[in-house]
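# Fold and geometry: a report
Below are the chains, spelled out letter by letter.
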Amino acid sequence: RGLRGRGLPRQGDGGGGAQDLRRLRGGWCDPEMPVQVGHVLQERVPEAVMARAQAGVHGAPCQEARAGARAAGKGRPDDCVSGTPAWSIVQGSEWLEESEKWLAESLRIAVDVFGECHENVAAALDAVGAVYEMQSKFDKALEIYRRSLTVSQQLEGDGSEEVAGAITNIATCLNNKGMYDEAMAKYEEAHAVLRRLLGDDHEKVAMVLSGMANTLDAQNKVSEAMAMREKVLDIERRKHGSSERLAGSLLNLSISYRQQGMYDEALAKLEEGIGIVRRIHPERHSSEGKFLQNIGIVYRLQGKLDEALRVYKRALPIYRKTFGPESSDVGSVLGNIANVLREQGQLDEAMSRYKESLAILRGVFGSEHVDVALGLFQMAVCSVKAGDQDAAIAYVREADSIYKKRGVSHGPAQQAAKLLAMLDGDCSHHH
């Protein structure tokens, strides 16, 4: 996500000799993409501190990175990123909490070593904020990101790429919290800085435009979001050719087309994108799973439920192989499979898949994450369809409680609140 100019290579790309703590959005504008954290603070931070933080942020065993390391002849079989020491991987819901602990320690050391006003402190702040954001601790994340912005302004002034990156982090967090007007204002602020510095066709400008498109989507301004994503795609085609960044832009634009009911156009972009991914990663990369999931969503919306189920089931083993069987991506695709089964009327099988998905998401994120709330809401809908009102009330009440605790009131949170009110009303009327 950061535009700080200190982006860590993607997993399997090699270590790159980086010395700062860094963040990389990866150009996908996808909240499920993993945050990546690199080496920090030169030689001054104890290796064990950063190793634990690195392990936590990567979370589940990163088989892709290990395979990349072996193929390149670098590192050891246990390496999580090629060319780096073998990290001790923290499993399950504990990994985010462990990351938070050890990244906070690296931040404390950074401030002790360099003082508050240093680029390594700003980068460490970004990483701590990222882990808060991944846990849906949006208020804490915003506090940290704003502190990072202050450091960058003191170092660079108000009109630098570093400052634009810090503002973008704030904007994305505001968007995730559902504060869309405030998020758009911050995106526009960052966009103005970057256009002045880099012109209209730079990749960092495109990244901010992608974030703005996400916010427009959330505001149901889907036509404006689509136009913005078409502009981003044009920049990526001219700047990067057949690359992962282009594939990511194709994926994002397909979502806009899907939201507009332009299913054939969406499928065309997805087929182009998955072709790029397969050429770059013939060994079945996690990005292929992303495209397969989105193809499945389009098929489902077209009423092609059998085709949707087939595509989801192709994505599932890819995620299991690349991210591990207990990853959030596996939980997500299991939820999509459950949605199709529910629409096919296979309610018992659907509920079984929902429960499997929810157990994984609880294990990854803990029990008070918005993705857990979404799973509970979907289970409530399935229970309503099955005629089990008591179960539906229990599921949707827990979902509503999570959303309220996290300060989220848009999208599925709003739908959950309406369903709860309806079910409570039906129950009162019955009594």
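For the structure, check the block above.
Computed from a predicted structure; not experimentally measured.

## Here's the deal with helix 13 (residues 305-323)
Between the first and last C-alpha of helix 13 there are 26 Å, a value that for 19 residues agrees with the 27 Å anticipated at 1.5 Å per step. For helix 13, every residue scored as buried is listed here: Leu 305, Ala 308, Leu 309, Val 311, Tyr 312, Ala 315, Leu 316, Ile 318, Tyr 319, Thr 322 and Phe 323. Taken from the residues just after helix 13, Gly 324 is the one with a positive phi, measuring 100 degrees.

## Observations regarding helix 5 (residues 138-156)
One turn of an α-helix holds 3.6 residues; hence residues three or four places apart share an orientation. Taking 1.5 Å as the rise per residue, helix 5 with 19 residues should run 27 Å; its terminal C-alpha atoms sit 26 Å apart, in good agreement. Every buried residue of helix 5 is listed here: Phe 138, Ala 141, Leu 142, Ile 144, Tyr 145, Ser 148, Leu 149, Val 151 and Ser 152. Tucked inside the fold, the buried residues of helix 5 contact helix 4 (119-134), helix 6 (161-177) and helix 17 (389-406). Remark: Gly 157 follows helix 5 within two positions and exhibits a positive phi of approximately 85 degrees.

## Some thoughts on the side chain of Thr 215
Mapped onto the secondary structure, Thr 215 falls in helix 8 (residues 203-218). Here Thr 215 falls in the buried class, since its relative accessible area comes to 0%. Separated by 2.9 Å, the side chains of Thr 215 and Asn 175 make a polar contact. In contact with Thr 215, other than residues within four places in its own chain, are Asn 175, Tyr 180, Ala 183, Met 184 and Tyr 187.

## A closer look at the pattern of salt bridges
Evaluated as defined, the whole model comprises 24 salt bridges. The partner of Glu 105 in a salt bridge is Arg 108, and the shortest N-O contact between them spans 2.8 Å. With a gap of 3 residues between them, Glu 105 and Arg 108 both fall in helix 3 (residues 94-114), about one helical turn apart. Glu 349 is paired through a salt bridge with Arg 353; the nearest N and O atoms lie 3.7 Å apart. Taken as a pair, Glu 349 and Arg 353 lie in helix 15 (residues 347-365) at a separation of 4 residues, close to a single helical turn. Taking the relative accessible area as the measure of exposure, Glu 349 reaches 38% and is therefore partly exposed. It is possible to trace a salt-bridge network through shared partners that takes in Arg 320, Glu 349, Arg 353 and Glu 356.

## Quick word on unusual backbone geometry
With the exception of glycine, the majority of residues adopt a negative phi angle, and the majority of peptide bonds are in the trans configuration. One non-glycine residue, Asn 220, lies in the positive phi region at around 65 degrees. Secondary-structure assignment places Asn 220 in the loop between helix 8 and helix 9 (222-240). In the Ramachandran plot, Arg 284 falls in the positive-phi region, its phi being about 75 degrees despite a non-glycine side chain. Within the secondary structure layout, Arg 284 lies in the loop between helix 11 (263-280) and helix 12 (286-301).

Each value, and the rule that gives it
- Throughout, a residue's number is its position along its own chain's written sequence, starting from 1.
- Given that this is a predicted model, residues contribute local features only at a pLDDT of at least 70 and side-chain atom pairs are listed and counted only at 80 or more, while totals for whole chains, interfaces and linings are drawn from all residues.
- As a rule here, side-chain values come from all non-hydrogen atoms in the structure, and water together with hydrogens is ignored.
- By definition, any uninterrupted DSSP run of H or I lasting at least four residues is a helix, any uninterrupted run of E lasting at least two residues is a strand, and each is numbered from the N terminus.
- The span you would expect from a helix comes to 1.5 Å times its residue count less one.
- Partly exposed describes any residue whose relative accessible area lies between the buried limit of under 20% and the exposed limit of over 50%, with all areas from a 1.4 Å probe on protein chains only and scaled to the type maximum.
- For this analysis, residues touch if any pair of their heavy atoms sits within 4.5 Å.
- Definition of a polar contact: a pair of N or O atoms within 3.5 Å, with one able to donate and the other able to accept a hydrogen when the atoms are protein atoms, and with sequence-neighbouring residues admitted only if both atoms are side-chain atoms.
- For salt bridges, the criterion is a side-chain nitrogen of Lys or Arg within 4 Å of an Asp or Glu carboxyl oxygen.

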